[in-house]
Each structure stands twice: as structure tokens, then as C-alpha cells.
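Inside the fold
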Amino acid sequence: MKSSSISGLLASDFHLGSGIMRMNSSLICVPLVSKSVDEMLIGMVQAKDSGADVIELRIDYLESLRPRSDLEILLRDKPLPVLVTYRPKWEGGQYEGDEQKRLDALRLAMELGADYIDVELKVAHEFMSSISGNKPEKFKVIVSSHNYQSTPSAEEIGNLVATIQATGADIVKIATYAVDITDVARMFQVLVHCQSFQVPIIGLVMSERGAISRLLCPKFGGYLTFGSVSAGKESAPGQPTIKDLLDLYNLKNIGADTKVFGLIGKPVGHSKSPLLHNAAFRSVGFNAVYVPLLVDDLANFLKVYSAPDFAGFSCTMPHKETAVQCCDEVDPIAKSIGAVNTIIRRPSDGKLIGYNTDYIGAISAIEDGIRGSHNTGINATGSPLAGKLFVVIGAGGAGKALAFGAKAKGAKVVIANRTYDRARELADLVGGDAISLAELESFHPANGMILANTTSMGMHPNIDGTPISKQALSFYSVVFDAVYIPKVTRLLREAEESGVSTVSGVEMFIRQAMGQFELFTGMPAPEKHMREIVARYV
Ligand code: NAP
């Protein structure tokens, strides 16, 4: 492959998406960090079975390595192409011994049939001249540089690429550290630039904030990405498992044209949304991937990832309120609620449009719950919430969404909250009444009231919690709980025992996700499939 120098990289060179000449799809490499040769041999078979393309033998992790005999065993019947890495302590590895012995072992690996070896930039010149003329035909040297503190400017990374190329490297590897998710954009910029010069490069940004550098690697043309054989067997921070790369993120189908969606939040690691949205995209053949985005500064994130291919986002804590200010246009009810949970980049002009599918999901679920519970006497086009007394417990994000959503459907809204002042404030905003939690116990001004719990009481692990006594539940015709883990909370169980119809928070969760899917894709949500995924994982 022809290589050209890419020094002098400019910030304006960050072109994304189509129009770039593509190398083959990125490879998936499983690093093995076992302490014994036997364990490594087992890991090699597991790596092949799990769908890896390349195995990295991190021989610096082996206790008491005997280079010739151990490498002979490891390389003799290799099930996949093998990369041998013998990382010294001074570059973040485990090896502390004599430098010449280390480089001898790498030369030996080459002679014994390794497909790749990784050599650190600091020793690359010396190493490359020592193997000059002896390199097997298909054998490749990866020359690597690791920065465990930060990610330099794109120009500095570009210059580093040029320095690595000058050693005669077949493949450039640069690993940096993400202090902020926007650091990854500079690595993407370099990857795209390298692609246009046909420079094979592995460019990864470590830490959870850098995770998208690993998940979106094929979109930007990275030569390979690393996936551990199982959780806890990572060789670097932020590394996903190979199972997640293949099954969850569908890595082998990601290409330059793949649209990127994701969940913006802090934290995001616990979320089931990637499972749900990636499965939904796949089921309708939509060329997109949905990734977790650990974001500290929302406005800066949206400014840096402004390319059309970053097409839409879910937004969760603590960014839902800030998102209202960050969008160019906001749905009127989302604006009243003061929270946006979905952001779409409008394809026609690139403007960011904010929505709140939480209230749509919750209110439509409650409407269906009322319709199912009894004949409301309202014609099919009107909302069964019109004219009803709608009691919201809680005055936080979900409380606001339910209160404004019910109000928009013509309900009379009453807010009950632990902190009465917050109840009063929300009631004033929505044009309703406020009561205390104590008053809620005997609150019964009308028949057929609807109750919506939007506090976290009853949520796992505090499953014995409930915001209202069982006796008071008989005043209501329908009880909804925003809590969705567990699916049947104590509140819902006691409502059912009292003969009251119930609507689960799982229904809100599914419907808000279906709403997001429709905004993301412009297609109807694959409801059956999404319900199956939620039933399996949530
Ligand atoms: P939030 O903004 O922090 O608000 C929490 C509310 O709960 C506040 O009104 C708070 O009262 C009240 N609260 C918390 N602990 C309480 C306790 N021990 N006793 C009485 N009141 C208590 O949270 P949020 O974002 O609205 O989320 C609330 C719940 O809704 C969570 O369980 C969340 O998982 C769920 N949710 C579900 C979905 C879904 O799709 N099903 C979507 C969004 C949220 P104070 O004002 O007195 O602090």
C-alpha cells in the first residue's frame, strides 16, 4: 500500500461520512492478557469462537516467559492471525527487564510466524534497521505511541503520524487519553485524513469518554479496534468486549455512511438504550449505530460533533434541561416542561430540534390505560384525560413531563410533593393546585381520579418504598408509576389488590423509545421487536 506523509494537518480537514475512499472494514483484535501460556492458548480458541479477526498476545503479561519455547507453542497452530506485543513498563506495559532481550523476543516472534508485531516509537528506528531485509512477505510492523494523560491537537497527532511513518512502519498506532469526549473528534479527524492518504492507522482514545473511538472505528477507517474476550479482561481502559462490538454495536456493518445516534448523559454506562435502539435499527435495516456518549459539557459536545452524520441524540441526566437552550428549535410542550430528551439534526438545514418523548410516552400509556379500564364516554378522537383530575406525585423532571402532558390533554392537575414549595412552583407553572404528601392521604375531591407517581420511591433496590398508602389508592380509577425497575412496584401491586387499573413505567419507557426511533428514522417503530427486547433486558 502506498504511503504518503500527512504532516501539516489542518483543523478544517475533519471531513466525515461518504466521499472518502474506503479501506476494508476495520478488523477486530482481541488482546490476551493471561499470565500463563496455557491460559493464552485457551484464550486464542475463545477469541476465534467469538468472531475476532486478529489475536494480540500481550506476552509482557506472561509470568516467567521463556521466549523460544513459549512463542513456538503459541504460534505453532494459531487459529487466527497473531499480533505479538511485548510492552515495557516505560510505555504502560508489564515488562521491566533488559531492553535487548525484549527486542530479541519480538524478532523471534517474527521469525516464528507472527503476522504482526507492535514496537514502540522510541525504539522503532533501531528495531526496523535490525530486521531490514529479513521481513517475511506478509508480516507487518505496527509502530505505536501511547499517551496516557491526554489527546494532543489534531496537528500534533498528524505530526506524530508522520514521525511514525518515517520509521518505516507498516501500520501507525496512536493511543491517547480522553479527558473529554470532544478529544475523540481530533482522532477521527486524523483517521479520516490518513485514509485519504492511504496510511493504515490504528487511532484509539482510551477511557470511557473515549469509547466512541473504539465503537465508530470502521466509520472513520481505523485499521483495527480492540475488543476484550470478556469483561474484566481488557488491556486498556474503555475497551468493550468483542461480543458487544459484534452483537450490540453491529461493528461489521458500520461504514463511512453509517449514521451515528447516541445517548448523551453522565453517567451512561448503565443504560439499556443502546441495546434497544441498535436492535431496532437492525430489525428495519436502517444504516445507523447508537452509542453511549459520556458528555460533560453539552453545548461544547454539540458544537464539536456538528457533522450531519451525528444525526440525533437521546438526552438523559444531567443534560435534559440544558438541552432546551442548546437546540435551535424546541417542541412547545418540551419547552414548557423545560426538558428535552431527544435531539434531531434536521437534514435540510442542520438545525437541532428538541423534543420530549417522555411525556408523549407516559401520557399515551395512561390514555390507553383509561380506555382499557372503562368506557370514558369520550369520543375516540378526544383524550380520555380531558376533564379528569390528574394527581402527580413528584415535581422533578418526570413530574413536570406528566403535569404538562396531562394539562395539554385538558386534565385538571394537582401536584403532591415531599418538598411542598416545589409542588407549589410546578402547580403555578402548569396552572394547577399543590398539596403536601400528608394531604394526599385523604385527598378525594372527585371520583375517577388518575394518579401518577413520578418519584423514585419503590425503585430497585428500595422496592418496599411507596409514595401513598394502600387505603388512599381506592380513590383512583387508574394508577401509573414512572418507576420501571421493577416492572410491578409495590404501588402498582397495592393498586391492583385494591381493584384499581394500573399502567407500568415500562410502558412509558417503551413508548418514549418508540417515539425517539420515529424521530431518528422517520419510520414507524418496530413495536413488537422493541417490546421483546425490553421484556428480555429491562
Ligand atoms: P428527579 O428530577 O430527581 O425528581 C425526583 C422527585 O422524587 C422529586 O420530586 C423528589 O422530591 C421526589 N423524591 C425523591 N425521593 C423521594 C422520597 N424518598 N420521598 C418522597 N419523594 C421523593 O427525578 P426524575 O428524573 O423525575 O425521575 C423520577 C423517577 O421517574 C425515577 O424513578 C426514574 O427512573 C423515573 N423515570 C422513568 C421513566 C420511564 O421511561 N419510565 C422516564 C423518566 C424517569 P423532592 O422535590 O422533595 O426532592
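Please read all numbers here as calculations on a predicted model, not as lab measurements.

Scanning the protein for helices and strands turns up 20 helices and 20 strands. On the principal axes, the C-alpha backbone points of the protein span a range of 90 × 50 × 40 Å. With 538 residues in all, the protein has 55% of them scored as buried. Sequence-distant contacts in the protein: of pairs separated by 6 or more residues, those separated by 24 or more amount to 70%. Looking at the protein as shown, the accessible area adds up to about 22200 Å², and 51% of this sits on carbon and sulfur atoms. For the protein, the distance from the average site of its 53 positive side-chain charges to the average site of its 58 negative ones is 3 Å.

Turning next to the domain arrangement of the protein. Domain annotation for the protein reports domain 1 (6-257), domain 2 (277-356 + 511-537) and domain 3 (374-503). Between the C-alpha centres of domain 1 and domain 2 there is a distance of 32 Å. In this assembly, 26 residues from domain 1 lie in contact with 18 residues from domain 2. Approximately 1800 Å² of surface area, both sides summed, lies buried where domain 1 meets domain 2, with 62% of it carried by carbon and sulfur atoms.

What follows deals with a nonpolar patch on the surface. On the surface, Ile 485, Tyr 537 and Val 538 cluster together to form a nonpolar patch covering roughly 230 Å² of accessible area. Examined against the element boundaries, Val 538 turns out to sit in the segment after α20 (527-537). A relative accessible area of 32% means that Val 538 is categorised as partly exposed.

Take the pairing of strand β9 (residues 259-265) next. The side chains of a regular strand alternate, residue by residue, between the two faces of the sheet. Most of β9 is tucked away: 6 of the 7 residues are buried. In terms of strand pairing, β9 meets strand β10 (residues 288-294) through 7 bridges, oriented parallel. Bridging across to β10, Lys 259 finds its partner in Ala 288. The handedness of the β9 to β10 crossover, carried by helix α10 (residues 273-284), is right-handed. Here 5 bridges tie β9 to strand β11 (residues 310-315), and the two strands are oriented parallel to one another. Bridge assignment links Ile 264 to a residue of β11, and that residue is Cys 315.

Next up on the list: the site of the ligand. In the vicinity of the ligand, 20 residues are found, and the nearest of them are Ala 395, Ala 398, Asn 417, Thr 419 and Arg 422. Take Arg 418: an N or O atom from its side chain is 3.0 Å from an oxygen atom of the ligand. At a separation of 2.7 Å, an oxygen atom of the ligand approaches a polar side-chain atom of Arg 422. About the coverage of the ligand: the protein hides 76% of its 930 Å² of free accessible area.

Below, the discussion takes up the packing of helix α1 (residues 37-49) against helix α2 (residues 67-76). Two numbers describe how α1 lies on α2: the axes approach to 10 Å, and their chain directions differ by 15 degrees. Between α1 and α2, the interaxial angle falls into the category roughly parallel. Once α1 is placed against α2, the crossing between them reads as right-handed. Along its contact with α1, which presents Val 37, Met 40, Leu 41 and Met 44, the element α2 presents Asp 70, Ile 73 and Leu 74. Class assignment for the residues of the contact of α1 with α2 results in 6 nonpolar, no polar and 1 charged.

A word on helix α6 (residues 183-196). Burial analysis of α6 places 12 of its 14 residues in the buried class, which makes it a mostly covered element. Regarding α6, the residues found buried are Asp 183, Val 184, Ala 185, Met 187, Phe 188, Gln 189, Val 190, Leu 191, Val 192, His 193, Cys 194 and Gln 195. Packing partners of the buried residues in α6 comprise α5 (154-165), β6 (171-177), β7 (201-206), α7 (211-215), α8 (217-220) and α11 (298-304). Looking one or two residues past α6, Gln 198 carries a phi angle of roughly 55 degrees, positive in sign.

Procedures and definitions
- Residues numbered from 1 in each chain as written.
- Predicted model: local features only at pLDDT ≥ 70, side-chain atom pairs only at ≥ 80, totals over all residues.
- Heavy atoms only, no water.
- Helix = DSSP H or I, 4+ residues; strand = E, 2+ residues; numbered from the N terminus.
- Buried < 20%, exposed > 50% of the residue type's maximum accessible area, 1.4 Å probe, protein only.
- Contact = heavy atoms within 4.5 Å.
- Areas by Shrake-Rupley, 256 points an atom, 1.4 Å probe, with all protein chains shown as cover.
- Lys, Arg positive; Asp, Glu negative; His and termini not counted.
- Charge placed at Lys NZ, Arg CZ, Asp CG, Glu CD.
- Domains from an automatic or database assignment.
- Buried area = accessible area lost by both parts, 1.4 Å probe.
- Patch = residues over 30% accessible without salt bridge, like charges linked within 9 Å, V, L, I, M, F, W, Y side chains within 5 Å.
- Salt bridge = Lys/Arg side-chain N within 4 Å of Asp/Glu carboxyl O.
- Pairing = 2+ DSSP bridges.
- Right-handed = clockwise from strand over helix to strand, strands pointing away.
- Near = heavy atom within 4 Å.
- Polar contact = N/O pair within 3.5 Å; in protein donor to acceptor, adjacent residues only side chain to side chain.
- Axes fitted to C-alpha atoms, helices over the stretch in contact; angles between N-to-C directions.
- Parallel < 35°, antiparallel > 145°, perpendicular 65-115°, else oblique.
- Left-handed = near helix turned anticlockwise from the far one by under 90°.
- Nonpolar A, V, L, I, M, F, W, Y, C, P; charged D, E, K, R; others polar.

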